[in-house]
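Chain residues, written in single-letter form:
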Amino acid sequence: MSHKRIPKRKAVLAVGGVAALGAAALLLPNANASQDGTADTEAAPRILKASDASDLAAQLSGLLGDAFAGSYYDAGRQQLVVNVVGDNNQLVVQAKKAGAAVREVDNSTAELKAAAQTLKSEATIPGTAWAVDPRSNKILVTADSTVTGGDWDTVESTVRELGPSMATLRKSTGTFRTFASGGDAIFGGGARCSLGFNVTAGDGTPAFLTAGHCGVAAAQWSDTQGGAPIGTVDQAVFPGQGDFALVKYDDPATEAPSEVNAEGQRVPILQAAEATVGQQVFRMGSTTGLADGAVTGLDATVNYPEGTVTGLIQTNVCAEPGDSGGAMFTQDGLALGLTSGGSGDCTVGGETFFQPVTTALEAVGATLDGAGGSAGAGGTEEGAGGAEEGAGGAEEGAEGEQQGPEDQQQGAGNGQQGAEDGQQGAGDQAGGADEGAGADEQDGGEEAGTDESGLTQTH
């Protein structure tokens, strides 16, 4: 018998028109990638969607090499900000021609990684976490309420040794923990977690991703408490280099759509992508439902009571027990993360950490098949290719051997056009996936305002 996970609230909304989401009230703007049109030889930063900014950041990381010291998305200006170390003006010109805003900073990526290694060797204490914050060009160290006495002194002295220009320390009022227990969910071994994303396993069978600490808690999972199992854990990693698990559906005929049921909104998931600091994101969990916020750090290390987990995404999105394994995604259908853990709750807020989907897929050998096929994903890939072309055009122009400034501008323009095409492809795909789907009933919640952007903010 085939299985398709359906939420208790069945209201389905087309991406082009949004209805209520409980406490949700405001809609995220959907910024189109566009060229500023400035004709100066000093190219103005492009206006970009966060997903396009992530693609451009990846290209510039390779282009700038050791001079690249991280990047983040300025949501207010809708620009990618790239940190550059050193005095190589040619590299600065390349980054600007590719469409980024450029900041010259002191700490290189290598120096920040060395600082994180120092923390690992001297301050791996349960209740601590650290991540690179490209906005401050420092390591942000957080200690929860359980870190006291000698442990606090150790963390504080380690941060002091790194120096105020390299690391900062703050205290969290909550307690770092994994979020397994507590929603409309998956159940196994007395634990309750959340399904993340449906995927295709390496052998072609349907499967889903969830948190690794859920995968090690139980071998089989059901979609109802006390119900018959629907899936069996194939691989799980926790603690260590990640927090992810691949669960294969027991019935190979299971219908496993590439979408997130976000309290009645059906959000087509087009592809997996890397997160960018400053990026606006949504999280769906079985206990607290839909919540939103922003990415605040990358390559985070968290010292849970069960052990240390590395390589996570840090955010300010709230979560509670039962939300573990739930999907973190963008309004335009990019799968970014799986809920791991954090501190606080959805009343007081807190820090939350997510397993990157891209690394989980690579580790388990699975693929995330975009909703309805490859049209949307292909369009996004075209945008990424265009961004690369723009960066390449900028590099050639900066060398000044065969191209003039106009050719450099043309290379950047080609990259921008590719990004616009990518966005259009994703939009066409999302529209096609939800065509004719706006008629299902909604259980609870008042109607909110609608917008063409598609998803609703909860704060």
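Quick notes on the rules
- Residues numbered from 1 in each chain as written.
- Predicted model: local features only at pLDDT ≥ 70, side-chain atom pairs only at ≥ 80, totals over all residues.
- Heavy atoms only, no water.
- Pairing = 2+ DSSP bridges.
- Helix = DSSP H or I, 4+ residues; strand = E, 2+ residues; numbered from the N terminus.
- Salt bridge = Lys/Arg side-chain N within 4 Å of Asp/Glu carboxyl O.
- Buried < 20%, exposed > 50% of the residue type's maximum accessible area, 1.4 Å probe, protein only.
- pLDDT = per-residue confidence, 0-100.
- Contact = heavy atoms within 4.5 Å.
- Lys, Arg positive; Asp, Glu negative; His and termini not counted.
- Axes fitted to C-alpha atoms, helices over the stretch in contact; angles between N-to-C directions.
- Parallel < 35°, antiparallel > 145°, perpendicular 65-115°, else oblique.
- Left-handed = near helix turned anticlockwise from the far one by under 90°.
- Nonpolar A, V, L, I, M, F, W, Y, C, P; charged D, E, K, R; others polar.
- Disulfide = S-S within 2.5 Å.
- Expected span 1.5 Å × (residues − 1).

S.K.: Explain the sheet that holds strand 13 (residues 220-221) to me, and be specific about the residues and the numbers.
M.R.: A sheet is described by the order of its strands in space; here 5 strands give the open sequence 11-12-15-14-13, paired in antiparallel fashion. Taken across any chain shown, the strands that pair with only one partner, and hence form the sheet edges, are strand 11 (197-200) and strand 13. Examined bridge by bridge, strand 13 and strand 14 (residues 231-237) share 2 bridges and lie antiparallel to one another. Each bridged residue has a counterpart across the sheet, and for Q220 the counterpart in strand 14 is T232.

S.K.: Can you tell me about the pattern of salt bridges, naming the residues and giving the values?
M.R.: Applying the stated criterion to the full structure yields 9 salt bridges. Residue E156 is joined to R160 by a salt bridge in which the shortest nitrogen-to-oxygen separation is 3.8 Å. Remark: R160 and E156 occur in helix 4 (residues 149-162); sequence separation between them is 4 residues, near one turn of the helix. A residue is classified by how much of its surface remains accessible, and E156, at 30% relative accessible area, is partly exposed. Here R160 falls in the exposed class, since its relative accessible area comes to 56%. K248 is the salt-bridge partner of D234, the closest N and O atoms lying 3.8 Å from each other.

S.K.: Outline the confidence of the model for the chain, listing residues and values.
M.R.: Where the model shows low pLDDT, its predicted coordinates should not be examined in detail. Taken as a whole, the chain shows an average pLDDT of 78; of its residues, 70% reach a score of 70 or greater. Taken as a whole, residues 1-41 scores under 50 in pLDDT and shows 135 contacts with residues more than four places along the chain or in a different chain. A low-confidence stretch, residues 373-453 (pLDDT under 50), is modelled with 136 contacts involving residues beyond four sequence positions or located in other chains.

S.K.: Requested: an account of the side chain of D251, with residues and values cited.
M.R.: Residue position: D251 is located in the loop between strand 15 (244-249) and strand 16 (259-262). In this structure D251 is buried but unpaired, with K248 as the nearest side chain of opposite charge at 14 Å.

S.K.: Could you give an account of the packing of helix 1 (residues 50-64) against helix 2 (residues 89-97), with specific residues and numbers?
M.R.: Contact geometry for helix 1 and helix 2: axes closest at 11 Å, N-to-C directions at 160°. In this view, helix 1 runs roughly antiparallel relative to helix 2, as classed from their interaxial angle. The hand of the helix 1/helix 2 crossing is right-handed. Contacts between helix 1 and helix 2 involve L60, L63 and L64 on the former and, on the latter, L91, Q94 and A95. Among the residues forming the contact of helix 1 with helix 2, the class breakdown is 5 nonpolar, 1 polar and no charged.

S.K.: Could you give an account of the environment of G349, naming the residues involved and the relevant values?
M.R.: Tracing the backbone through its elements, the reader meets G349 in the loop between strand 23 (334-342) and strand 24 (352-356). Sequence spacing of G349 and A319 is 30 residues, and the spatial spacing of their C-alpha atoms is 8.1 Å. Apart from the residues within four sequence positions on either side, G349 is in contact with S343 and G344.

S.K.: Kindly report on the packing of helix 3 (residues 109-122) against helix 4, identifying the contributing residues and their values.
M.R.: Where helix 3 contacts helix 4, the two axes come as close as 10 Å, and the packing angle between them is 155°. Viewed along their axes, helix 3 and helix 4 adopt a mutual orientation that is roughly antiparallel. In this structure, helix 3 meets helix 4 at a crossing whose hand is right-handed. Here A115, T118, L119 and E122 of helix 3 come into contact with helix 4, specifically with T154, T158, V159, E161 and L162. Class assignment for the residues of the contact of helix 3 with helix 4 results in 4 nonpolar, 3 polar and 2 charged.

S.K.: Just give me the short version of the pairing of strand 11, but keep the residues and values in it.
M.R.: Along any regular strand, the residues point their side chains to alternate faces of the sheet. Sheet topology note: the strand 11/strand 12 (residues 206-210) ladder contains 4 bridges and is antiparallel. Bridge pairing links T200 to P206 in strand 12. Hairpin remark: strand 11 followed by strand 12, antiparallel, with 5 residues in the connecting loop; positive phi at G204, about 90°.

S.K.: Explain the state of the cysteines residue by residue, including any values.
M.R.: Per the counting criterion, the structure on display carries 2 disulfides. The disulfide that involves C193 links it to C214, with 2.0 Å between the sulfurs. Torsion about the S-S bond of the C193 and C214 cystine: about -95°, corresponding to left-handed handedness. Of this pair, C193 sits in strand 10 (residues 191-193) while C214 sits in helix 5 (residues 212-215), placing them 21 residues apart in sequence. Like C193, the residue C214 is buried in the burial classification. C318 shares a disulfide with C346; S-S distance 2.0 Å.

S.K.: Account for the sheet that holds strand 4 (residues 101-104), naming residues and giving values.
M.R.: Pairing in this open sheet of 3 strands is mixed, and the strands run 2-3-4 from one edge to the other. Each edge of the open sheet carries a strand with a single partner, namely strand 2 (68-74) and strand 4. Across this sheet, the average inter-strand angle for adjacent strands is 25°, counted without regard to direction. Here strand 2 runs beside strand 3 (residues 79-84); their pairing, made up of 5 bridges, is antiparallel. In the sheet register, D74 faces strand 3, and the bridge partner there is Q79.

S.K.: Run through helix 1, naming residues and quoting values.
M.R.: The first and last C-alpha atoms of helix 1 sit 20 Å apart over 15 residues, in line with the 21 Å expected at 1.5 Å per residue. Most of helix 1 sits out of view: 11 of its 15 residues are buried. Looking at helix 1, one finds that the buried residues are A50, S51, D52, A53, S54, D55, L56, A57, L60, L63 and L64. G65 lies just past helix 1 and shows a positive phi near 60°.

S.K.: Give me the lowdown on unusual backbone geometry, citing residues and values where you can.
M.R.: Looking along the chain, the bond that leaves F238 and enters P239 is cis, with omega of -15°. Position of P239 relative to the elements: it lies in the loop between strand 14 and strand 15. Located in the positive-phi region is Q78, a residue other than glycine, with phi close to 55°. Note that Q78 resides in the loop between strand 2 and strand 3. Classification of Q78 as partly exposed rests on a relative accessible area of 21%. Notably, D299 is not glycine yet its phi reads approximately 50°, a positive angle. Along the chain, D299 turns up in strand 20 (residues 289-304).

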